[in-house]
Amino acid sequence: MNRPAPRLGRAAALLAAVPVLVLSACGSSSSTGSAGSGSSSTTAANESAKGPYTFLYSGDFTGPTQTYTQAEVAGLKIAASEINAKGGILGRQINIVTDNDQNDPTTAVNLLEQKISSGTKIDAMYPGGSSEVTQALLPITTRNKILTVDATSDPALNNPSKFPYHFGDSESVAQTIPPFVKLAQSKGWKKVAIIYGNDTTGQAVQSGYTDALKKVGISTVTAAYQDSSLDMTPQLSSLQAAHPDALIISSYGVPSIYVIKSRAQMGWFSTPAYGDLITSAMPLAKIVPPASLKNYFAQASVTTLASNPDATRDPALQQMISDAKAMGYSAQLSGVGAGLLAVGFNVLQLIHYAAVQANSTDGPTVAKALEHLKQPSGPYPPWVVYYGKYGGFNYTTSNHFPTVNVANFAYVPPGTNNADGLLVPGTGS
Amino acid sequence: MTTVWSGLSIGALYCLVAIGYNVVLLASGMFNFAYAQLVMLGTYMAYVATSVLGLPVIAAVAFGGAAVAIIAVFEERVAIAPLTARHGDHHQAALITTVGVAVIIDGVTSKIWGSQAKPIPDPIPGGTLHLLGGRVGRGDLLLIGLVVVVGVSLHVWSRKTIGGLASLAAAEDTGAAMARGVNTRRLAVGAFAVSGAIAGLFDVVVGARTYATPTLADSLALFGFVAIAIGGSGSQLGGLIGGFVTGLAYAVAERYTNTDWPQVIVFAMFLLVLLTRPRGLFGGAVERQV
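Let us look at the structure shown here.

Conventions we followed
- Residues numbered from 1 in each chain as written.
- Chains lettered and ligands numbered in written order.
- Predicted model: local features only at pLDDT ≥ 70, side-chain atom pairs only at ≥ 80, totals over all residues.
- Contact = placed C-beta atoms within 7 Å.
- Helix = DSSP H or I, 4+ residues; strand = E, 2+ residues; numbered from the N terminus.
- Nonpolar A, V, L, I, M, F, W, Y, C, P; charged D, E, K, R; others polar.
- Pairing = 2+ DSSP bridges.
- Axes fitted to C-alpha atoms, helices over the stretch in contact; angles between N-to-C directions.
- Parallel < 35°, antiparallel > 145°, perpendicular 65-115°, else oblique.
- Left-handed = near helix turned anticlockwise from the far one by under 90°.
- Buried ≥ 20, exposed ≤ 12 C-beta atoms within 10 Å, placed from the backbone.
- Core = buried A, V, L, I, M, F, W, Y, C linked by C-beta atoms within 7 Å.
- Expected span 1.5 Å × (residues − 1).
- Arc of directions from axis to C-beta.

## Considerations on the interface of chain A and chain B
Facing the 25 residues of chain A at the interface are 26 residues of chain B. Secondary structure elements with two or more residues in the side of chain A that touches chain B: α3 (66-85), α9 (233-240), α10 (255-266) and α15 (330-335) of chain A. If you tally residues by element for the side of chain A that touches chain B, the top one is α9 of chain A, at 5 residues. Split by residue class, the side of chain A that touches chain B holds 9 nonpolar, 15 polar and 1 charged.

Okay, structure coming up:
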């Protein structure tokens, strides 16, 4: 995925600000999983001798997607705090290190190469907030046998034979498309317009929707914009001229605001607009005038909705929210929502859970454990969003992406996140 | 026509940046690479004034003008003056220090206001109107009109007044200007103050169009530079035309070609102008002794 990729992943995550399970069965290193318990004390001592567990996050801290980066890192820090308070990963305290790759693959590669060549031991890594960056980094991390987990959503990254140590913690682009196809069929639409960012993720989204809609006899007309664009009126005018039945908006970060603003300035409200998960990551209702969002619907995960009882029942989610507030991340919660924090949160919870089962922090060993993850026995795992009826981290040797139930998605009027980071549709500025 | 209005309004933003570049260039011969950041800072001043302090639009404009002017003068005092005092005017290191200022402003802005876009109230409520066959925002019309007025005024000032001619002389040959009694240091400081004030006075108009976002400067800087390269560095009229041409060409290309072509077209224009008229469409010819 390109930069947007993260979106999806994140988006997915976003969506999901969901319930989780807590560690009724696992959670802390001592209570997680049962694998490898035989020589656990010896192993723990050996692991502790390795020093802190270094987790590297490479992402865009100063560009258009910095909002999401900050939320993901907040999620990582929350998880690290929880895990460290319980003794760390097999006795190793997690130390989070960050690189500002500005979503530029070349910069990301240079920064990682510098760290590796300087002797920095990296135990695990979040390899970029976009699919393009992830694609650039994975050959290096694979060569150095570094475990990587991130939310970028390009299906090409789900390639265990090529990238055996890489895992996705958010759904792929393809998993977010069927709900719209179903909606389009039910409405009897014949032509759908798509506006998207001209990057790897945007292109994957565009081709994904185009192919899926074509299979059911619906044609598409598309237009892309550059990251630096401040006005999408030309692209939207081009799409409007084709008289589509609906408009799909796939936009990541600040450009999504410009798409909505341009649509409003054109007065193009007669055609319903649908923001995909990536677009829904931006709290539009909090930023643009309510009138701009007329006849606009945002794709959301029901797990992120404040009205979903699971959101208030899930102990892991509630703990994450509570920790976020205590650690000063309230602005992220109400801004981008708990779902985006969950992207980072889930990464470390997953690694911790798998490391305990593997009784090792060695990257390839933990990767093997992830492929054969023994699922928690209780109703809620130590991670959030991907559990039960909503999906799960059911990795296999041929699939390193999570599973997501299609019924998990809904199109809702744009809204704002409440203080807990859960979406309340229909509310805005 | 809606696309044309879109191109003109975005082009007006490029014009504004080109104007700021040229004000400093004309008075001191230096290029302030941080000017797009000053325009961005202006939008945050508008946010502070309107949303935090609750000031009316007029007061927010004055607040922005004063605040950004002060910051611009501070930039000159900290990043330019020490270099010129040590190495003389037109020192190349000044280019680097203004880039440094730009990076600092980007970082500080993100640190203070975060990465989330901040809305700025529209200075002319009422939404859009139909004009000449297209839809255009009332605020966009104001932006376009104000930029034209400021650009033309500065052009006339630089060509018809003693102060303007003095600044031209200082930019062309600092030593000769000083020998004729021109206070070049005061001119340089004044240029930064004026350019900063312009960026600040446009705070509400620009912010209502773009929102206050920490990435705004990146979007404006490159095309602002293209605008003065096309129009002619040192020519306010050229910068004005270069900005509108850039915005229009980009918008029309976005409307009628696929995604990859707009930048290609604009930069092809840019190269064509540089190759055929190195000083830009409105840049003056340079006399050379042979």
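## Looking at the sheet that holds strand β7 (residues 219-225) of chain A
Residue and element names in this part refer to chain A. One open sheet accounts for 6 strands, arranged β7-β6-β8-β9-β10-β13; its pairing is mixed. Bordering the open sheet on either side are β7 and β13 (409-412), each of which pairs with just one other strand. The average angle at which neighbouring strand axes cross in this sheet is 25°, direction not considered. Inspection of the sheet shows strand β10 (residues 296-301) paired to β13 by 4 bridges, in the antiparallel sense. Its bridge partner lying in β13, Ser301 is registered against Phe409.

## Comments concerning the packing of helix α5 (residues 138-160) of chain B against helix α9 (residues 203-210) of chain B
Residue and element names in this part refer to chain B. Relative to each other, α5 and α9 sit at 135°, their axes nearing to 10 Å. Between α5 and α9, the crossing angle belongs to the class labelled oblique. The two elements α5 and α9 cross, and the hand of that crossing is left-handed. Facing α5, whose interface residues are Gly139, Asp140, Leu142, Leu143 and Leu146, α9 presents Val205, Ala208 and Arg209. Here the contact of α5 with α9 is built from residues that sort into 5 nonpolar, 1 polar and 2 charged.

## Some details on the pairing of β10 of chain A
All names here are of chain A. The buried fraction of β10 is high, at 6 of 6 residues. Residues of β10 alternate between two faces, with Tyr296, Ala298 and Ala300 on one and Phe297, Gln299 and Ser301 on the opposite face, all of them buried. Sheet topology note: the strand β9 (residues 273-275)/β10 ladder contains 3 bridges and is parallel. The partner of Ala273 across the bridge, within β10, is Tyr296.

## Topic: the sheet that holds strand β4 (residues 147-150) of chain A
Residue and element names in this part refer to chain A. Sheet architecture is open: 5 strands sit in the order β2-β1-β3-β4-β5, paired in parallel fashion. Only two strands of the sheet have a single partner each, and these edge strands are β2 (94-100) and β5 (166-168). Mean inter-strand twist for the sheet, computed between neighbouring axes without regard to direction, equals 20°. Across 4 bridges, strand β1 (residues 53-59) lies against strand β3 (residues 124-127) in parallel orientation. Opposite Ser58, over in β3, you have Pro127 as the bridge partner. Along the sheet, α3 makes contact with β1 and β2, crossing β2 at roughly 165°.

## Section: the pairing of strand β1 (residues 128-131) of chain B
Residue and element names in this part refer to chain B. In the sheet, β1 pairs with strand β2 (residues 134-137) via 4 bridges, with the strands oriented antiparallel. Residue pairing for β2: Leu131 is matched across the bridge by Gly134. Between β1 and β2, which pair antiparallel one after the other, the connecting turn spans 2 residues, and Leu132 there sits at a positive phi close to 55°.

## Regarding the nonpolar core
Membership of the largest hydrophobic core comes to 216 residues, with the highest contact counts inside it found for Ile195, Met320, Leu341 and Ile351 of chain A together with Val17 and Val39 of chain B. It is helix α1 (residues 2-28) of chain B that contributes the most residues to this core, 17 residues altogether. Setting aside its immediate chain neighbours within four residues, Met320 of chain A contacts Ile78, Ala338, Leu341, Ala342, Phe345 and Val384 of chain A.

## A few points about α3 of chain A
All names here are of chain A. Helix length check: α3, at 20 residues, gives a terminal C-alpha distance of 28 Å against a target of 28 Å (1.5 Å per residue), a fit within 8%. Counting buried residues along α3, 17 of its 20 residues qualify, which places the element largely inside the surrounding structure. Trailing α3 by a residue or two, Gly87 shows a phi angle of about 110°, which is positive.

## Details of helix α14 (residues 315-326) of chain A
Residue and element names in this part refer to chain A. Helix length check: α14, at 12 residues, gives a terminal C-alpha distance of 16 Å against a target of 16 Å (1.5 Å per residue), a fit within 8%. Those residues of α14 that sit buried are Ala316, Leu317, Met320, Ile321, Asp323 and Ala324. Down the axis, α14 shows its buried residues gathered within 165° of arc, on one side only. Away from its buried face by more than 90 degrees, α14 exposes Ser322 and Ala326. Those residues of α14 that are buried are in contact with α3, α13 (309-313), α15 and α16 (338-358).

Shape descriptors only; they carry no functional weight alone.
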